[in-house]
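What follows is the residue order along each chain.
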Amino acid sequence: MTTRKTLPVVVMALAVLVLWYLGAVWLNAPTATDALNRAGHGWTTADLIRATLAMKRPILPTPDQVALDLYNSLTGYPVTSIRNLLYHTGVTAGAALAGFGMGVALGVALAAGIVQARTLESSLLPWVIASQTVPILAIAPMIVVILGNLGFTGLLPKAIIAMYLCFFPITIGMVKGLRSADPLTLDLMRTYSAGTAQTFRLLRLPASLPYLFTSLKIAVAASVVGAIVAELPTGGQAGLGARLLSGSYYGQTVQIWSALVMAALLSVTLVAVVGLAERALVPGGRGGAR
Amino acid sequence: MPAAQPAPLTLVPPAADAAPRTIVDVRNLTLTYQTTDQPVYALSDVSLSISKGDFISLIGPSGCGKTTLMRVVADLEQPTSGEVTVNGMTPEQARLKRAYGYVFQAPALYPWRTVERNVMLPLEIMGLPRAERQQRAREQLDLVGLSGFERKFPWQLSGGMQQRVSIARALAFNPDLLLMDEPFGALDEITRDHLNLQLTRLWLGTRKTCIFVTHSIAEAVFLSTRIVVMSPRPGRILDVIDCDRDLPRERTLDIRESPEFQRIAHRVREGLMEGHSYDD
């Protein structure tokens, strides 16, 4: 029974690893050929492949190089050290979660407003959508500079950029969710002469939860992206974004890939936590909409 | 909220009603929907008076306005013209005072609430204390034969059981008037017979005034004190049949074999045939 579950996972992971190694050989081959030619003596294909998989500054590092770098970084230094990748992950996660929290509050508030007041749908929603057409890479440095001028540095500018990315899926999902209640159940609330607030709290909100959690999963992953993007223009003191930036300054591709893998692990973990919260908070596991 | 404190449910013996009080009074009711091409006459000049303790069935083909009529009484639709009073009030006042319980075609239970908490929903809206909410919910679930299912979720119940939960929910705040819109329409015949029997017992025990919308002639004759036969285009009342004279108030399923039952059923069918043009 467990093999049926684990087999596809293992096969998929192996396929990714094989493709990764093939890609490393292919991409690193030109540089490696140059180096072997310059060394003067003759070389075989096996020499070339061995060289492509063990380069100091490869175009594409191999999985084992990344894993070794991750291992060294995580175990070689205390967690509080700027050389430990976990420290940077923590900095990014803090900004992402702060932004996520703000994004949830903003997204839910906007959705509640849009659902309760029809006029907001035509007046507010276009701005919400327009906000997402602005490339985050273009607007992030401006937010950092403006907030820096106002005296806000560190976590807040990054959190705001993360919020900017993650409120949108929450607003859209919540608007749909808050409207997902069956017309019959809305009539029912009317026969009880329930007020708007009661209908919202007892019907619309619980009916929206399955939609909310779908949005939250998208949003929490987006908040990590937002936090990393925000770290790129801040000058690179700490955070996964700063690691990516310094890695690309010094051609440390292995360091870049370690940071990327950590970012992916962080996102996966956060999405999984949201999934656990969903299982705990949506009773029956059947969702609100029938 | 004065209406928020209804009297506890008591069983009134089926005594001879001295002077039947009018609970629902409908006079010259017309309701027209404006569609883009032409107006739809959902109800045309409908008048009907319903006394306390009556069990009225509205029967007729689709589009005859039987559901619309009930929704007007419930203040879920606005009439174009005509007068409606419920307990001497306008439908809106009656709704705000929670004068009626409404059972929809679908159970419309909240899937994130347990059976018990579904029945407690109207009581929660009325602001009753938690202990009383629970006690009343248990009483009502017992009345519809669902003791022991309090902690189940709606999707764990069969369709008939779900509809019984929705009846318990409508009865939970003890309204005088019960409005039921084809509550058993989606159920199989055996379940339907069983629930009809339960409903007639419930009605005899509680002496609620009931308005019941149905497609089924047998169901209408079995349950009702009076049957209102309606016809479409425009929605109007064709015939009002008094069943109380020929059939006893207390009824069992066997009664459906009796000649009286057959005669009333025949008259209902005649009325339906007359009002329905089968050419479209």
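Model, not experiment: these values are computed from the prediction.

Chemist: Looking at this structure, how should I read the packing of helix H4 (residues 85–116) of chain A against helix H7 (residues 155–178) of chain A?
Modeler: Pairs of packed helices are described in terms of their axes, by the angle between the two and the distance that separates them. The interhelical angle for the contact between H4 of chain A and H7 of chain A, taken along N-to-C directions, is 35°, at an axis separation of 5 Å. The handedness of the crossing between H4 of chain A and H7 of chain A is right-handed.

Chemist: Explain the interface of chain A and chain B to me, please; I cannot follow it from the model alone.
Modeler: You'll often see interface size given as the accessible area lost when the parts meet. Listed by partner, the interface residues are 19 residues for chain A and 17 residues for chain B. Every element with two or more residues in the side of chain A that touches chain B is listed here: helix H8 (183–191) and helix H9 (196–231) of chain A. The residue makeup of the side of chain A that touches chain B, split by class, is eight nonpolar, six polar and five charged.

Chemist: Looking at this model, I keep getting lost on the UniProt feature "transmembrane region" (unreviewed entry) in chain A. Mind explaining?
Modeler: All names here are of chain A. The UniProt entry lists residues 7–27, 85–112, 124–147, 159–178, 209–230 and 256–277 under the feature "transmembrane region" (unreviewed entry), expressed in the numbering used here. Along residues 7–27 one finds 100% helix and 0% strand; the C-alpha atoms at either end are 30 Å apart. End C-alpha atoms of residues 124–147 are separated by 25 Å, and the span's content is 92% helix alongside 0% strand.

Chemist: Help me out: how do you make sense of the environment of Ala 108 of chain B in this one?
Modeler: Its location among the elements puts Ala 108 of chain B in the loop between strand E5 (100–103) and helix H3 (115–126). With 22 C-beta atoms counted inside 10 Å, the residue Ala 108 of chain B sits in the buried group. Ignoring sequence-local partners within four residues, the contact set of Ala 108 of chain B consists of Asp 182, Leu 184, Thr 185 and Leu 188 of chain A together with Ser 166 of chain B.

Chemist: It is not clear to me how the confidence of the model for chain B should be interpreted in this structure. Could you clarify?
Modeler: Note that predicted coordinates carrying low pLDDT should not be read in detail. Scored by pLDDT, chain B has a mean of 83; 91% of the residues are at 70 or more. Interface scoring of the predicted complex returns ipTM 0.81; its pTM is 0.78.

Scoring rules and cut-offs
- Residues numbered from 1 in each chain as written.
- Chains lettered and ligands numbered in written order.
- Predicted model: local features only at pLDDT ≥ 70, side-chain atom pairs only at ≥ 80, totals over all residues.
- Axes fitted to C-alpha atoms, helices over the stretch in contact; angles between N-to-C directions.
- Helix = DSSP H or I, 4+ residues; strand = E, 2+ residues; numbered from the N terminus.
- Left-handed = near helix turned anticlockwise from the far one by under 90°.
- Contact = placed C-beta atoms within 7 Å.
- Nonpolar A, V, L, I, M, F, W, Y, C, P; charged D, E, K, R; others polar.
- UniProt positions renumbered as here; feature names shortened; annotations may be inferred.
- Buried ≥ 20, exposed ≤ 12 C-beta atoms within 10 Å, placed from the backbone.
- pLDDT = per-residue confidence, 0-100.

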